[in-house]
Amino acid sequence: WNRSILLTQLPVFFFICHSLYGSIPDFIICYFSLLVQIYVFLHKQQDKMNLFLKRQIKSFSNAFRGIKIAFFEEIHIKIHCAIIIFVTILGFLFRIASSEWLAIIVCIGLVISSELINTSIENLSDVVTLSKNEQIRKIKDIAAGAVLITAIISVIVGIIIFFPKIYSLFTC
């Protein structure tokens, strides 16, 4: 910041030298003035970019911390992760097609995302009140229902993908 203040004073310095001595041509003054303005502009842009990157890094670190907290504190996330490992192993064993992998990846993302949202709703509800509250119970039940629906749909997708492959093992 001190350098940019110093550099912004250079045109003033050149103007004083030119006025006193008459030895600095006008084009040099314009040239240095332009360089200083470019430097100051780029310096401000760099500060904005650094601030933007710092905010993004902090945002990602917060998100990863939230995933870590959910994984270590929530049993349902651990259950989902165990199922993900099992389904991934089955996918490699049966050499499923890339379109089938895509369906599985989307289902995994939906189930984990809905479970994280459900967990955050439950934790937020517990902060609001720990006493029995009918509205909070409804909110928690609805959020849990969303997880159940995504899990059921994921099981259906898994059956559609893996049942024919498992069935062909027993019919051959």
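Residues numbered from 1 in each chain as written. Predicted model: local features only at pLDDT ≥ 70, side-chain atom pairs only at ≥ 80, totals over all residues. Heavy atoms only, no water.

## Regarding the nonpolar core
Here comes step 1: Core analysis: the biggest nonpolar cluster contains seven residues, these being Val-87, Leu-90, Ile-96, Trp-101, Ile-104, Ile-161 and Phe-162.
Here comes step 2: Of all elements in the fold, only helix H4 (75–94), helix H5 (98–128) and helix H6 (134–171) reach the threshold of two or more residues within this core.
Here comes step 3: In this structure Ile-104 touches Val-87, Ile-96, Ile-161 and Phe-162, once residues within four positions along its chain are discounted. (Core = buried A, V, L, I, M, F, W, Y, C linked by side-chain atoms within 4.5 Å. Buried < 20%, exposed > 50% of the residue type's maximum accessible area, 1.4 Å probe, protein only. Helix = DSSP H or I, 4+ residues; strand = E, 2+ residues; numbered from the N terminus. Contact = heavy atoms within 4.5 Å.)

## Details of the pattern of salt bridges
Note that side chains of opposite charge can pair when their charged atoms are close.
Here comes step 1: Across all of its chains, the model carries four salt bridges by this definition.
Here comes step 2: Measuring nitrogen to oxygen at the nearest pair gives 2.6 Å for the salt bridge that ties Asp-126 to Lys-140. Residue Asp-126 is located in helix H5, and its partner Lys-140 is located in helix H6; the two are separated by 14 residues in the primary sequence.
Here comes step 3: Judged by relative accessible area, which is 23%, Lys-140 ranks as partly exposed. (Salt bridge = Lys/Arg side-chain N within 4 Å of Asp/Glu carboxyl O.)

## Things to note about the packing of H5 against H6
Here comes step 1: At a minimum axis separation of 9 Å, H5 and H6 run at an interaxial angle of 165 degrees. Between H5 and H6, the interaxial angle falls into the category roughly antiparallel. Seen along the crossing, H5 lies across H6 with a hand that is left-handed.
Here comes step 2: Partitioning the contact of H5 with H6 into residue classes produces 16 nonpolar, five polar and six charged. (Axes fitted to C-alpha atoms, helices over the stretch in contact; angles between N-to-C directions. Parallel < 35°, antiparallel > 145°, perpendicular 65-115°, else oblique. Left-handed = near helix turned anticlockwise from the far one by under 90°. Nonpolar A, V, L, I, M, F, W, Y, C, P; charged D, E, K, R; others polar.)

## A word on unusual backbone geometry
Here comes step 1: Not every positive phi belongs to a glycine, and Arg-95 is a case in point at roughly 50 degrees.
Here comes step 2: For Arg-95, a relative accessible area of 73% corresponds to the exposed category.

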